[in-house]
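Spelled out, the chains give:
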Amino acid sequence: DAGITQSPRYKITETGRQVTLMCHQTWSHSYMFWYRQDLGHGLRLIYYSAAADITDKGEVPDGYVVSRSKTENFPLTLESATRSQTSVYFCASKSRQDNSPLHFGNGTRLTVT
Amino acid sequence: LAKTTQPISMDSYEGQEVNITCSHNNIATNDYITWYQQFPSQGPRFIIQGYKTKVTNEVASLFIPADRKSSTLSLPRVSLSDTAVYYCLVGGEGFKTIFGAGTRLFVKA
């Protein structure tokens, strides 16, 4: 969907470096999410946010930091990247309305060498 | 959120109808059932949602029996481009959305 964009599309970084993945949505959705998807596996929730300045841990939060100073942005930071964080990262958003579906970005493919 | 169980993989041929069943035995009264489709190198996309009985849209149909403990996604006359992973999610309100492993559908010519 054009309404949610992730950048960069591809990123290669070295072990120990800090890297930030960006996510921007134009729908003013309240909820935003970060998932990671490893090759051949399903999506695992890293962090989610119900509104600006409200974030919470998902299934696999260790090694990641998020912030949500503005409703439309939800950056994900790997403070000290490790090889195990090599993955495809998807950002998603949804409205506050009950049962509203998730809208996903096209993903960021991150390789940690 | 209610836990879901669906087959890990399915094979089909072009032109066939494909039915993917999802079990959700502890579905709550307010829970809706939502299906997503994910193509390689793309994020999942919403395809259909329902609460009870049958829902149909231009992409698929969703059948939900009266006890709502399972649901079946039906894809009519699949084509090669329907090869994807299909995820069944169950949840009414709340936002901690957890995905299961999904069903990998492979459509053959």
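You'll find the structure just up there.
About the thresholds
- Residues numbered from 1 in each chain as written.
- Chains lettered and ligands numbered in written order.
- Predicted model: local features only at pLDDT ≥ 70, side-chain atom pairs only at ≥ 80, totals over all residues.
- Heavy atoms only, no water.
- Phe/Tyr/Trp six-rings, centres within 6.5 Å; stacked < 30°, edge-to-face > 60°.
- Helix = DSSP H or I, 4+ residues; strand = E, 2+ residues; numbered from the N terminus.
- Buried < 20%, exposed > 50% of the residue type's maximum accessible area, 1.4 Å probe, protein only.
- Lys NZ or Arg CZ within 6 Å of the ring centre and 35° of its normal.
- Core = buried A, V, L, I, M, F, W, Y, C linked by side-chain atoms within 4.5 Å.
- Contact = heavy atoms within 4.5 Å.

## Thoughts on the packing of aromatic side chains
Working definition: an aromatic ring pair is given by the centre-to-centre distance plus the angle between the planes. Taken as a whole and assessed by the stated rule, the structure comprises 11 aromatic pairs over all chains. Taking 5.2 Å as the distance between ring centres and 50° as the angle between the ring planes, the aromatic pair formed by B:Tyr32 and B:Tyr51 counts as tilted. Placement of B:Tyr32 in strand 3 (residues 32-38) and of B:Tyr51 in the loop between strand 4 (45-50) and strand 5 (53-56) is noted, with a sequence separation of 19 residues between them. We classify B:Tyr51 as partly exposed; its relative accessible area is 26%. By way of ring pairs, the aromatic residues A:Phe33, A:Tyr35, A:Phe90, A:Phe104, B:Tyr36, B:Phe46, B:Tyr87 and B:Phe99 are connected into one cluster. Over the aromatic face of A:Phe74 sits the side chain of A:Arg68, whose NZ or CZ is 6.0 Å from the ring centroid.

## What to know about the nonpolar core
Taken as a class, soluble globular proteins show a tendency for nonpolar side chains to be buried jointly. One finds B:Ile33, B:Trp35, B:Leu73, B:Leu75 and B:Tyr86 to be the most contacted residues of the largest nonpolar core, which totals 20 residues. Sort the elements by how many residues they give to this core and strand 8 (residues 84-91) of chain B lands first, with 4 residues. Excluding its chain neighbours within four sequence positions, the residues that come into contact with B:Ile33 are B:His24, B:Ile27, B:Ile48, B:Gln49, B:Gly50, B:Leu62, B:Ile64, B:Ser71, B:Cys88, B:Leu89 and B:Val90. Core analysis: the next-biggest nonpolar cluster, separate from the first, contains 18 residues, A:Trp34, A:Leu78, A:Tyr89 and A:Val112 among them.

## Quick word on the environment of B:Phe99
With respect to the helices and strands, the residue B:Phe99 is situated in the loop between strand 8 and strand 9 (103-108). Other than its neighbours up to four places away in sequence, B:Phe99 contacts A:Tyr35, A:Leu43, A:Leu102, A:Phe104, B:Tyr36, B:Tyr87 and B:Leu89.

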